[in-house]
Amino acid sequence: MVRFMKLLTRDERPPGEEPVSDLVPELEVSRAKRVRVLLAAACAPLLFSFTAIAVVLAVVSFAADRSRFSATGAVLAAGPGWLASWQVELDLGGHPLGVLPLLPTLLVGCLVARAAARAARRTGGRTPADAVPVVTVIVGAHALFGVLVAMLAGGSPVDVNPLTAFCVPGLLAGIAAIAGVAKVCGLLAAVRDRFDPVAVQGLRAGALGLAALIACGAVVFTATTALSWSTVDSLFEPGAGASFGLFLLSVAYLPNAVVAALSFTTGPGFSVGSLTVGMFGYQEGQLPGVPVLAGVPSHHAVWWPALLLLPALVGALVGWRIRAIDEDPMLRMRAVAVAGALVAFGCVILGTLSGGRLGDGPFDPVSVPVGVASVIAFCWIVVPGGFVAFFAGAHEPPEPPGEPEVEEDLVEPEAEEETEPETEEPAEDADEALAEPEPEPEAEPEPETEPEPEPEPDDAVDDAVTDSTEGSGDESAPGDDR
């Protein structure tokens, strides 16, 4: 045992000595290997996403009818396409393009998160401090690459703001990298330890509620698209190349359409240019000829408010999830409020990313009223969720004040009356003895008033008093004297 402790505490080992236990610290990763791993984590997702976008653009341009394929043009267009995948607003010939597809953003974010998690494992990351170099390198690489693309695009029909190209990819890549290393480096455990357990339960329920709302939006979008399949079919052009391009465009904008359907299901709705579609209002307008928008209704329907049952059920689901976290109803209500705040914040982020400028024509802008949508989403979680969490959870009935004392006062004397006569019979006689001398003081002054020459009455009175007190302790004594 002593030798084992020396091996753990000694700084240097004799040459050739091998570790004798798994508790011996592992060999540290060399500096060169660490640099290689970090560079791979920063550059691999960046280059892979850039190459994938270039290939997709090349395939679309090659398959399109009446178009001239150019590999150089596809590579040059891949730079702005890469920025668009990171939600960087573009300027196409003086016309802003801010409503960008969310599906590529989700894909490149997952790619960055996976690369960050792998780098953290290969460098032996175990603590939150080990995540700092991984996240820093990834953020720096994406920010610098964005600036490089913006500078190379200068003078072309596509113009990009260099500051936006620097900040937005770096910010989103950093968020994705943090999500990737959160579990490996213990970030989740560190954050969970600093938060109140009730707040942690509320955040989990809020994540569930946000996912359920997104699922409701997806269901509504799928149903409306299926019911408008004839319109979808008519929007595809006869040529295979053009149809393939429209199909890829519609798939890329699917998350945007789901977010718009989510806003419509909860109540606020969405707008495309002059067209406004809301649960309780409708304003006609033009729509782009894109299959993903074929399910947008052409007029208002009186049965639309029935869809409000979906967010109400989501709120009830959140309340049901929270009902068992604590026996105190007020703590459960606080968890419901935390869940509602998370859902509202998520709606703001989704609504901001899914909308934006769309040129300067009749379809500009595409927007979701994020302020109203967040407030309404909060209410959909808090009102039905709070009702279910309060009444479906455990309740401890409050004890009436003073009730235990009253019971003790009523029970204990009865117990004394029942037990004392059985175990201690002289107790009642003693009480009587204490109670009987009360009228005696009226007889004591009599010897004082009577003349002193008559001592016998005094002795007789004293004897009578002593006999009465002695006899009061035992009722059978007078009988024995007789």
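Please read these numbers as outputs of a predicted model, since none were measured by experiment.

Participant: Explain the confidence of the model for the chain to me, using residue names and the numbers behind them.
Facilitator: The share of residues in the chain with pLDDT of 70 or more is 76%, and the mean pLDDT across the chain is 80. Contacts for the low-pLDDT stretch residues 4-26, under 50 throughout, to residues beyond four places or in other chains number twelve contacts. Considering only residues more than four positions removed or in separate chains, one finds that residues 405-453, a stretch of pLDDT under 50, has 15 contacts.

Participant: Please set out the pattern of salt bridges residue by residue, giving values where relevant.
Facilitator: In the structure shown here, the tally under the stated rule is three salt bridges. We note a salt bridge from Asp-196 to Arg-334, for which the minimum N-O separation is 2.3 Å. Within this pair, whereas Asp-196 is found in the loop between α7 (187-194) and α8 (197-227), its partner Arg-334 is found in helix α13 (residues 329-354), the two being separated by 138 residues in sequence. A residue is classified by how much of its surface remains accessible, and Asp-196, at 33% relative accessible area, is partly exposed. On the basis of relative accessibility, which here comes to 40%, the residue Arg-334 falls in the partly exposed class. Taken together, the shared-partner salt bridges connect Arg-357, Asp-360 and Asp-364 into one network.

Participant: Before we move on, could you go through the environment of Leu-203 and cite the residues and values that matter?
Facilitator: With respect to the helices, strands and loops of the structure, Leu-203 is situated in helix α8. Contacts of Leu-203, omitting those with residues within four sequence positions, involve Phe-195, Val-338 and Leu-342.

Participant: Just give me the short version of the nonpolar core, but keep the residues and values in it.
Facilitator: In terms of nonpolar packing, the biggest core is built from 59 residues, with Trp-82, Leu-83, Ile-138, Val-160, Val-181, Phe-264 and Phe-270 touching the most fellow members. Looking at this core, the elements that each hand over two or more residues are α2 (31-63), α3 (71-85), α4 (102-122), α5 (131-152), α6 (162-181), α11 (254-266), β4 (270-272) and β5 (275-277). Apart from the residues lying within four places of it in its own chain, the contact partners of Val-181 are Ala-116, Ala-117, Ala-120, Ala-131, Val-134, Val-135, Gly-186 and Leu-187. Among the nonpolar cores identified, the runner-up in size contains 18 residues, and Leu-210, Cys-216, Val-343 and Ala-389 belong to it.

Participant: If you had to explain empty space enclosed by the protein to someone new, which residues and values would you point to?
Facilitator: Scanning all chains against the criterion turns up one cavity of 30 Å³ or more. What the largest cavity holds in volume is close to 60 Å³. The wall of the largest cavity is formed by Val-259, Leu-262, Ser-263, Cys-347, Gly-351, Val-368 and Ala-373. Listing elements by their share of the lining of the largest cavity, those giving two or more residues are α11 and α13. Here the lining of the largest cavity takes three residues from α11, the largest share from any one element.

Participant: Could you give an account of the sheet that holds strand β3 (residues 158-159), naming the residues involved and the relevant values?
Facilitator: Spatially, three strands are ordered β2-β1-β3 in an open sheet, and the strand pairing comes out antiparallel. In this open sheet, the two edge strands, each paired with only one partner strand, are β2 (95-97) and β3. Two strands pair when backbone bridges link them, and strand β1 (residues 90-92) and β2 are joined in this way by three bridges, in the antiparallel orientation. Across the sheet, Leu-92 pairs through a bridge with His-95, a residue of β2.

Participant: Residues and numbers for the sheet that holds strand β7 (residues 366-367), please.
Facilitator: Within the open sheet, the four strands sit side by side as β6-β5-β4-β7. Their pairing is antiparallel. Each edge of the open sheet is held by one strand with a lone partner, namely β6 (282-283) and β7. For β5 and β6, the ladder comprises two bridges, and the chain directions are antiparallel. From the neighbouring strand, Thr-276 faces β6, where its bridge partner is Gln-283.

Participant: So what about helix α14 (residues 370-392)? Which residues, and what values?
Facilitator: The terminal C-alpha atoms of α14, which comprises 23 residues, lie 32 Å apart, in line with the 33 Å expected from a rise of 1.5 Å per residue. Most pronounced at Gly-385, the bend in α14 amounts to some 30 degrees. Considered for burial, the residues of α14 that qualify are Ala-373, Ser-374, Ala-377, Ile-381, Pro-384, Gly-385, Gly-386, Val-388 and Ala-389. Among the structural elements, α11, α12 (309-322) and α13 are those in contact with the buried residues of α14.

Participant: I'd like a rundown of the packing of aromatic side chains, residues and numbers included.
Facilitator: Overall, the coordinates contain seven aromatic pairs when judged by the stated rule. Ring centres of Phe-50 and Phe-145 lie 5.9 Å apart, and the angle between their planes is 85 degrees; this geometry places the pair in the edge-to-face category. In this pair, Phe-50 sits in helix α2 while Phe-145 sits in helix α5, placing the two residues 95 residues apart along the sequence. Note on Phe-145: relative accessible area 17%, which makes it buried. Grouping aromatic residues by their ring pairs yields a cluster made of Phe-50, Trp-82, Trp-86 and Phe-145. Positioned above the aromatic ring of Trp-320, the side-chain terminus of Arg-323 is 3.8 Å from the ring centre.

Participant: Go over a positive patch on the surface with me, naming the residues and quoting the values.
Facilitator: Together, Lys-33, Arg-36, Arg-114, Arg-118, Arg-121 and Arg-122 make up a positively charged patch on the protein surface. If you list the elements that add at least two residues to the positive patch, you get α2 and α4. Ranked by residue count, the leading element in the positive patch is α4, at four residues. Assignment of secondary structure puts Arg-118 in helix α4.

Participant: Before we move on, could you go through the side chain of Asn-256 and cite the residues and values that matter?
Facilitator: In this fold, Asn-256 is placed in helix α11. Separated by 3.1 Å, the side chain of Asn-256 and the backbone oxygen of Leu-100 make a polar contact. Discounting residues that sit within four places of it in the chain, Asn-256 has contacts with Val-99, Leu-100, Pro-101, Leu-102, Leu-353 and Ser-354.

Thresholds applied
Residues numbered from 1 in each chain as written. Predicted model: local features only at pLDDT ≥ 70, side-chain atom pairs only at ≥ 80, totals over all residues. Heavy atoms only, no water. pLDDT = per-residue confidence, 0-100. Contact = heavy atoms within 4.5 Å. Salt bridge = Lys/Arg side-chain N within 4 Å of Asp/Glu carboxyl O. Helix = DSSP H or I, 4+ residues; strand = E, 2+ residues; numbered from the N terminus. Buried < 20%, exposed > 50% of the residue type's maximum accessible area, 1.4 Å probe, protein only. Core = buried A, V, L, I, M, F, W, Y, C linked by side-chain atoms within 4.5 Å. 1 Å grid on protein atoms, 1.4 Å probe; cavity = no way out; pocket = protein on both sides within 12 Å on 5 of 7 lines; lining within 4 Å. Points joined across faces, edges and corners; volume = space filled by probe spheres on them. Pairing = 2+ DSSP bridges. Expected span 1.5 Å × (residues − 1). Bend = angle between axes of the 7 residues up to and from the residue. Phe/Tyr/Trp six-rings, centres within 6.5 Å; stacked < 30°, edge-to-face > 60°. Lys NZ or Arg CZ within 6 Å of the ring centre and 35° of its normal. Patch = residues over 30% accessible without salt bridge, like charges linked within 9 Å, V, L, I, M, F, W, Y side chains within 5 Å. Areas by Shrake-Rupley, 256 points an atom, 1.4 Å probe, with all protein chains shown as cover. Lys, Arg positive; Asp, Glu negative; His and termini not counted. Charge placed at Lys NZ, Arg CZ, Asp CG, Glu CD. Polar contact = N/O pair within 3.5 Å; in protein donor to acceptor, adjacent residues only side chain to side chain.

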